[in-house]
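# Breakdown of the fold
Single-letter residue listing:
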Amino acid sequence: MVIEAAYADGTGAANALHMSQAQWEELQRAYCVGDLLMPCCNAPAIPKVSANGYPFFAHLGGACSTSEESQWHLAAKILVRSVLEDLGCRASVEMPGSGDAGRWQADVWGERNGVRLAVEIQRSYQSLRDYRKRQERYREAGVKSLWLLRQERYSTLTKSMGKERLRTEFGGKFPSAGHFGPCLSDLPVAMLELDPAPTVKGAGFFNATLPNILEAVLSERFLCINGLWCIDNLDSMNNAARLSRERFAANRLAAKM
Ligand SMILES: [Zn+2]
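Residues numbered from 1 in each chain as written. Predicted model: local features only at pLDDT ≥ 70, side-chain atom pairs only at ≥ 80, totals over all residues. Heavy atoms only, no water.

Under the annotation held in an unreviewed UniProt entry, the protein carries the name Competence protein CoiA nuclease-like domain-containing protein and is attributed to Acidovorax temperans.

### Topic: the coordination of the zinc ion
Octahedral metals with six donors have ideal donor angles of 90 or 180 degrees. Tetrahedral metals with four donors have an ideal donor angle of 109.5 degrees. Coordination of the zinc ion by the protein comes from Cys-40 (SG), Cys-41 (SG), His-59 (NE2) and Cys-64 (SG), over a distance range of 2.1 to 2.3 Å. Positions of the donor residues of the zinc ion, expressed as sequence spacing, correspond to C-C-x17-H-x4-C. Here the residue Cys-41 occupies a position in the loop between β3 (36-37) and β4 (45-49), and His-59 occupies one in strand β5 (residues 55-59), the gap between them amounting to 18 residues. Classification of His-59 as buried rests on a relative accessible area of 10%. (Donors = N, O, S within 2.8 Å, 3.2 Å for Na, K, Ca; no water. Helix = DSSP H or I, 4+ residues; strand = E, 2+ residues; numbered from the N terminus. Buried < 20%, exposed > 50% of the residue type's maximum accessible area, 1.4 Å probe, protein only.)

### Brief notes about the pattern of salt bridges
The full count for this structure, using the stated rule, is 17 salt bridges. Residues Glu-69 and Arg-123 are paired through a salt bridge, measuring 4.0 Å at the closest nitrogen-oxygen approach. In this pair, Glu-69 is assigned in helix α2 (residues 68-86) and Arg-123 in the loop between β8 (115-122) and α3 (128-140), connecting sequence segments 54 residues apart. The shortest N-O distance in the salt bridge between Arg-112 and Glu-215 comes to 2.9 Å. (Salt bridge = Lys/Arg side-chain N within 4 Å of Asp/Glu carboxyl O.)

### Re the sheet that holds strand β6 (residues 90-99)
Within the open sheet, the 7 strands sit side by side as β6-β7-β8-β9-β10-β11-β12. Their pairing is mixed. Of all the strands in the sheet, just β6 and β12 (206-208) have a single pairing partner and so form its edges. If you compare each strand with its neighbour and ignore which way they point, the axes differ by 35° on average. Bridge count between β8 and strand β9 (residues 144-149): 6 bridges; the pairing is parallel. Across the sheet, the residue bridging to Glu-120 is Trp-147, located in β9. Lying over the sheet, helix α4 (residues 151-169) contacts β8, β9, β10 (189-193) and β11 (199-202), oriented at roughly 160° with respect to β10. (Pairing = 2+ DSSP bridges. Axes fitted to C-alpha atoms, helices over the stretch in contact; angles between N-to-C directions. Contact = heavy atoms within 4.5 Å.)

In structure tokens, the structure reads:
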């Protein structure tokens, strides 16, 4: 879902997140094809509203010359940057920087009242070791950070993190009591979905809006508790997990009868 398109005459950009419904409708009524360009490939951008009411830009004719992966990555960066702006941050994309543990180029960078935040949007495979190495650069420099992953990347990383946690914290055995969360407390991570509407999810039935999670990271309320990243919603996450287990048990019982 692309929410920003540049004006072809160089006068800036139209951003769906920063516009009222009336302004969006006016744009839809008044634009001419070619006035606005897609950020991925400079094709003409058409302002639309999705079936569930979200304003977005589409390619004229639907075709894009860049890969689906790069389109997703770019759309996600623009969205995160726009949400950070809404939260009162000075925000930019592809921000270089460095600290004692090394250099970085943050996909999205936000600053607010002296708080610095790097958001990394990971679409391609990366080993747990590399995640931690890159994460350590931010931690060491006192920069808050958040990793937002596509679903398949998130599943792969969660498996690696779970194994690592079992090995280092539980001596290789599943804990007998309580529930086992797979996440590591030194790697703030969640899964980002852009379609049909932007949503953030995570292990243990974590669910948040993008503004919620970004605000939580900025204000140190995104916490890892027993291997699960959460905001203030651990109770409702546990509830959802319990309901899911009950449904699963009921289905098994029904299948046996
Ligand atoms: Zn394109």
